[in-house]
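Each chain is listed here by its residues.
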Amino acid sequence: MKQIREMLKNRNFYLYILISIVFFGIFCKMEYATDTYSVLETPFKDMLIHFISSGRLVTAGWYAIYRVFNLSNNMVYMLSFILAIVCTSISIYKLENIFSKDIKSKAISILAAVLIIINIFSIELYLFIEKGILMLSVLFCICAVEKLIKYFEGNKKALVWVFLYMLLANFSYQGTVGIFVSIALLYIVKYTKDIKSFVMNTIVTGLGYAIPALINYITVRFIFVNNRVNGANNFLDAITKIIAGTKSMMFSTFEIMPKYLFIIVIAILSLIIVYNIVTNNIKSKKKIWLILGMLMIIIGNLVVTIFPQIMQNTASIWFVPRSTYTFAALLGILLVYLFMNTEVNIKLEKLLLIALIIYLSIQYVSFQNIARDRYILNYMDNYTIMQIQEKIESYEKETNNRVSKISFYEGNSKKYTYPKLFVNGDTNIKAFYPEWSRLNALNYYLNRKLENVENDEKIEEHYFKDKIWEYYNDEQIIIEGDTVHMFIY
């Protein structure tokens, strides 16, 4: 409670809330991912089992509470949004407090904390209805870092809290937990006095990450059983997918930022670090150690980002922003490393501030464009379904037949999203693209319980020959008897 009171009295905390709202406030109105329709339409027991079998017990608890109390969808979304903003703000607050002990410049410590928490991949954490729990996972990781530093400073009991927070982080969302190691590497370098202390600190940090992750993995693989870790593995295919995913992550940053911008900024910052280490008045042995420490942070960041992908079956390997959140934090972490370990002249400090604020401005514009396209996408999905509803209601009125079934026919020209909208990975896919999303989206907007049935060969031959829409009708459906036949293009 004392920490909460101190935080609420600190004016900077309200600055971090404002920063969080500036970047993500646009999501205050309910928006829908394809997964959202599943969360809202799948029977309670099935959805609960899905979250539990994915090792996301905190998410399952959140889902159970909102269903038990019968909260409206809008209320659930708003509570999740508020939790996400609060967790983002507290994470920045805690991280900045940690950095301020080693960085003289308040502006740099704030900027670094923002670059780490609201990194370029954080946008996708806000694109799911459980956004509050996803950001709660990040907050748990920051709390674990805070306790790990206390352990390095001599408080052995703090290690218990490290394991507890990391366990909660893993059971909230596994895609963000690597950030614990990535930030902790800064303090392994700082608190290393000799080889023994380096080995011990590295082992403790590794165990703090690995044991909770292993408990979560065992829960998923052997207790609840999840296909993502229990499916088949093909080593060569897995390596191919990991290499391709890593390239997309590093160089195109999933098209969130201009191509190569992120990696160029990382390279320039790394060169500045090396230059400062070499030119600062530091003993030769320490110079070597600091350069090796920078390489360890970069390599360690990549390893903890990619390693969770290796643990999945080959078919489930999928590089997207939310699962590679840790990698995008590298920019802020290297900024901290520069100011923590070297003397930075005032001119360079001002130059870095200006350059990185411009970088954040580009990121902000990108986030707003993605958010805008998300709402356009939702409108287009809703409009399409309202057109279908109008035709169904007209048909039912004319024929007195009650429509209760639907069949989907995929065309050769099936599109990932609507024209001119941002789309990458799972971001901004239209509701009718994934097979598992279509029925849930229709039932949600139509407020019906349509049953998905097999295709009718006669309908397919007559209207959808060669998987092309032959019945030139904007509504893309045919209704016969009690069944809607819908063409997906």
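Heads up: these notes are all about the structure in this document. (Residues numbered from 1 in each chain as written. Predicted model: local features only at pLDDT ≥ 70, side-chain atom pairs only at ≥ 80, totals over all residues. Heavy atoms only, no water.)

1. Section: the overall build of the protein chain
The helix and strand tally for the protein chain stands at 20 helices and four strands. Computed over the C-alpha atoms, the radius of gyration of the protein chain is 25 Å, within 12% of the 23 Å expected from 2.2 N^0.38 for a compact globule of 489 residues. Seen through its C-alpha atoms, the protein chain measures out along the principal axes to roughly 85 × 50 × 40 Å. When the 489 residues of the protein chain are sorted by exposure, 56% land in the buried category. (Helix = DSSP H or I, 4+ residues; strand = E, 2+ residues; numbered from the N terminus. Rg over C-alpha atoms; globule rule 2.2 N^0.38 Å. Buried < 20%, exposed > 50% of the residue type's maximum accessible area, 1.4 Å probe, protein only.)

2. Brief notes about the sheet that holds strand E4 (residues 483-488)
Pairing is mixed in the open sheet, where four strands are placed in the order E2-E1-E4-E3. Each edge of the open sheet is held by one strand with a lone partner, namely strand E2 (451-452) and strand E3 (477-480). Pairing analysis gives six bridges linking strand E1 (residues 405-410) to E4, with the strands arranged parallel. Paired with Glu410 across the strands is Ile488, a residue of E4. In the packing of helix H18 (residues 346-399) onto the sheet, contacts are made with E3 and E4, and the angle to E3 comes to roughly 20 degrees. In the packing of helix H19 (residues 435-446) onto the sheet, contacts are made with E1, E2 and E4, and the angle to E1 comes to roughly 140 degrees. (Pairing = 2+ DSSP bridges. Contact = heavy atoms within 4.5 Å. Axes fitted to C-alpha atoms, helices over the stretch in contact; angles between N-to-C directions.)

3. Quick notes on the side chain of Thr34
Relative to the helices and strands, Thr34 is located in helix H3 (residues 34-41). Overall, Thr34 belongs to the buried group, its relative accessible area being 6%. Each residue touching Thr34, except ones within four places of it in the same chain, is listed here: Ile429, Lys430, Ala431, Pro434, Trp436 and Ser437.

4. Description of the pattern of salt bridges
Scanning the model with the defined rule gives 15 salt bridges in all. Residues Lys190 and Asp102 are paired through a salt bridge, measuring 2.6 Å at the closest nitrogen-oxygen approach. Residue Lys190 is located in helix H10 (residues 178-191), and its partner Asp102 is located in the loop between helix H6 (73-100) and helix H7 (106-117); the two are separated by 88 residues in the primary sequence. For Arg372, the salt bridge is made with Asp373, and the minimal N-O distance between the two is 3.1 Å. Relative accessible area serves as the criterion here: at 5%, Asp373 is assigned to the buried category. One network of salt bridges, in which partners are shared, links Glu31, Lys131 and Arg374. (Salt bridge = Lys/Arg side-chain N within 4 Å of Asp/Glu carboxyl O.)

5. Observations concerning empty space enclosed by the protein
Evaluation of the coordinates by the stated rule reveals two cavities of 30 Å³ or more. In this structure, the largest cavity spans a volume of roughly 60 Å³. What lines the largest cavity is a set of 13 residues, among which Ala33, Arg374, Asp426, Thr427 and Asn428 lie closest to the centre. At the level of elements, H3 and H18 are the ones that each hand at least two residues to the lining of the largest cavity. Looking at the lining of the largest cavity residue by residue, the classes come out as six nonpolar, three polar and four charged. The volume enclosed by the second largest cavity comes to roughly 30 Å³. Its residues assigned to classes, the lining of the second largest cavity shows six nonpolar, one polar and one charged. (1 Å grid on protein atoms, 1.4 Å probe; cavity = no way out; pocket = protein on both sides within 12 Å on 5 of 7 lines; lining within 4 Å. Points joined across faces, edges and corners; volume = space filled by probe spheres on them. Nonpolar A, V, L, I, M, F, W, Y, C, P; charged D, E, K, R; others polar.)

6. Some points on a nonpolar patch on the surface
Together, Phe44, Ile65, Val68, Phe69, Leu71, Met75 and Leu79 make up a nonpolar patch on the protein surface, roughly 660 Å² of accessible area in all. Counting residues per element, the ones that place at least two in the nonpolar patch are helix H5 (57-68) and H6. Position of Val68 among the secondary structure elements: in helix H5. The exposure class assigned to Val68 is exposed, which follows from its relative accessible area of 61%. (Patch = residues over 30% accessible without salt bridge, like charges linked within 9 Å, V, L, I, M, F, W, Y side chains within 5 Å. Areas by Shrake-Rupley, 256 points an atom, 1.4 Å probe, with all protein chains shown as cover.)

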